[in-house]
Amino acid sequence: MWSDTRAEIGVQSRRTANWLLLATAMALTLTFAYLIPYAGYRSADEGERLAPLLTAEFAGSAIGGLPAFTGALALIFGVLVAGSDYAWDVWKTILVVQPSRTRVLLAKGATVVLGCLLLVVALLAVSAAAGLAVTLAEGAAVTWPDTPGAAAGLGGAWLIASMWAALGMFLAVALRAVALPVGIGLVWMLAVQNLISGLAAPLLGWVDALQAWLPGGAAGSLVASLGAREDTPAVAELTGPVHAGLVIAGYLLAFGLAAGVLLRRRDM
């Protein structure tokens, strides 16, 4: 199993698109969590706008984009890992030299999960650096989150990113493509979720209650409980962190199992 995972990591680490996704995620986080809010603070000179930009709140600023924009990049990563082999028509070649389809998919899944860990660590690092720069520029005291809080932020963000990437893998296996799964995933994350929360939920009580059980609603609830600002798109504490974490873990498991069943039962 480890040899398969190591080989898959080697393949994915050589793909420029994966590094471009990581760089885009870091740039989006830096721009929308720090540069634009700090410019707004400087122009309005309102003290309450500064607090989320300091080092004490860097973890929440780093993970605020995961329910929507940054999470969409994780979904694309999952699609690329599982779907590129369909686009290049190399699945048959891979399976000829491998003992089972399940082993191949597990290696890809492990690679995706490790890639999501790299994504989250990179977001936390760039957020910590930006928070430190703002804190020093404003002459504020440098204080960092406690270790349990930072660890919870890391773990929660890793779980959310892995869930979106698993959804990407499932869509890639189900549709045996790259472009269509990316399109469907982005439409769901960036359009349908906003329509549900902004249009349907205020009008229908059962839809409002359903939000806490949907992937986006659970992700938004979890990052909100971990310190993300609730003025961030898709971030709202609809339920508690335990409930949200269990829902996200359930989706992660369901997407992985569904992808495995489809891969094993269908012809290439």
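One can find the structure itself at the top, above this paragraph.
Participant: Account for the side chain of Gln 12, with residues named and values stated.
Facilitator: With respect to the element layout, Gln 12 can be found in helix α1 (residues 2–13). Setting aside residues up to four positions removed in sequence, Gln 12 forms contacts with Asn 18, Val 81 and Thr 111.

Participant: Can you lay out α1 for me, pointing to particular residues and giving the numbers?
Facilitator: Compared with the 16 Å implied by 1.5 Å per residue over 12 residues, the 16 Å span of α1 between its first and last C-alpha is a close match. Taken together, the buried positions of α1 are Asp 4, Thr 5, Glu 8, Gly 10 and Gln 12. Tucked inside the fold, the buried residues of α1 contact α2 (16–44), α4 (69–87) and α6 (101–137).

Participant: Residues and numbers for the packing of helix α10 (residues 215–225) against helix α11 (residues 241–265), please.
Facilitator: In contact at an axis separation of 8 Å, α10 and α11 are set at 135 degrees when each is read in the N-to-C sense. Taken together, the axis directions place α10 and α11 in an arrangement best described as oblique. The handedness of the crossing between α10 and α11 is left-handed. Counted together, Pro 215, Ala 218, Ala 219, Ser 221, Leu 222 and Ser 225 of α10 and Pro 241, Ala 244, Val 247, Ile 248 and Tyr 251 of α11 form the full contact between these two elements. Along the lines of polarity and charge, the residues of the contact of α10 with α11 split into 9 nonpolar, 2 polar and no charged.

Participant: Outline the pattern of salt bridges, supporting the account with residue identities and numerical values.
Facilitator: Scanning all chains against the criterion turns up 4 salt bridges. When the shortest N-O distance is used, the salt bridge between Asp 231 and Arg 229 registers 3.7 Å.

Participant: Describe a nonpolar patch on the surface, listing the residues and the values that go with them.
Facilitator: Taken together, the side chains of Leu 195, Leu 199, Leu 203, Leu 204, Trp 206, Leu 210 and Trp 213 make up a nonpolar region of the molecular surface, amounting to roughly 790 Å² of accessible area. Looking at the nonpolar patch, the elements with two or more residues in it are α8 (179–200) and α9 (205–210).

Participant: How would you summarise the nonpolar core if you had to cite specific residues and measurements?
Facilitator: Counting residues in hydrophobic clusters, the biggest one holds 66 residues, and the most contacted among them are Tyr 34, Val 112, Leu 119, Ile 160, Ala 161, Trp 164 and Ile 248. Sequence-distant contacts of Ile 248, that is, excluding residues within four places in its chain, are made with Leu 159, Ile 160, Met 163, Ala 218, Ala 219 and Leu 222.

Participant: If you had to explain the packing of aromatic side chains to someone new, which residues and values would you point to?
Facilitator: Under the criterion given, the structure shown has 3 aromatic pairs. Residues Phe 170 and Phe 255 carry aromatic rings whose centres are separated by 6.3 Å and whose planes lie at 20 degrees to one another, so their mutual orientation is stacked. Of this pair, Phe 170 sits in helix α7 (residues 147–175) while Phe 255 is found in helix α11, placing the two residues 85 residues apart along the sequence. Its relative accessible area of 22% is what places Phe 170 among the partly exposed residues. Accessibility expressed as a relative area gives 13% for Phe 255, which makes it buried. Grouping aromatic residues by their ring pairs yields a cluster made of Phe 170, Tyr 251 and Phe 255.

Participant: Please give an account of unusual backbone geometry that cites residues and values.
Facilitator: Generally, phi is negative for residues other than glycine and the peptide bonds are trans, each holding for most cases. Phi angles above zero are rare outside glycine, and Arg 176 is one such case at about 50 degrees. By secondary structure assignment, the location of Arg 176 is in the loop between α7 and α8. Accessibility expressed as a relative area gives 38% for Arg 176, which makes it partly exposed. The backbone phi angle of Ala 234 is positive, close to 75 degrees, even though this residue is not glycine. With respect to the element layout, Ala 234 can be found in the loop between α10 and α11. Look at Ala 234 and you get partly exposed, because its relative accessible area is 32%.

Participant: With reference to specific residues and values, describe the environment of Glu 57.
Facilitator: Of note, Glu 57 is situated in the loop between α2 and α3 (58–63). Along the backbone, Glu 57 and Ser 127 are 70 residues apart, and their C-alpha atoms lie at a distance of 9.3 Å. Not counting residues up to four positions away in its chain, the partners in contact with Glu 57 are Ala 51 and Pro 52.

Participant: How would you explain the packing of α7 against α10 if you had to name every residue and give the values?
Facilitator: It is at 10 Å that the axes of α7 and α10 come closest, and there the two elements cross at 165 degrees. The orientation of α7 relative to α10 falls into the category roughly antiparallel. When the axes of α7 and α10 are compared, the crossing they make is left-handed. Between α7, through Gly 156, Ile 160, Met 163 and Trp 164, and α10, the contact on the second element is made entirely by Pro 215, Gly 216, Ala 219, Leu 222 and Val 223. Classifying every residue of the contact of α7 with α10 gives 7 nonpolar, 2 polar and no charged.

Calculation rules
Residues numbered from 1 in each chain as written. Predicted model: local features only at pLDDT ≥ 70, side-chain atom pairs only at ≥ 80, totals over all residues. Heavy atoms only, no water. Helix = DSSP H or I, 4+ residues; strand = E, 2+ residues; numbered from the N terminus. Contact = heavy atoms within 4.5 Å. Expected span 1.5 Å × (residues − 1). Buried < 20%, exposed > 50% of the residue type's maximum accessible area, 1.4 Å probe, protein only. Axes fitted to C-alpha atoms, helices over the stretch in contact; angles between N-to-C directions. Parallel < 35°, antiparallel > 145°, perpendicular 65-115°, else oblique. Left-handed = near helix turned anticlockwise from the far one by under 90°. Nonpolar A, V, L, I, M, F, W, Y, C, P; charged D, E, K, R; others polar. Salt bridge = Lys/Arg side-chain N within 4 Å of Asp/Glu carboxyl O. Patch = residues over 30% accessible without salt bridge, like charges linked within 9 Å, V, L, I, M, F, W, Y side chains within 5 Å. Areas by Shrake-Rupley, 256 points an atom, 1.4 Å probe, with all protein chains shown as cover. Core = buried A, V, L, I, M, F, W, Y, C linked by side-chain atoms within 4.5 Å. Phe/Tyr/Trp six-rings, centres within 6.5 Å; stacked < 30°, edge-to-face > 60°.

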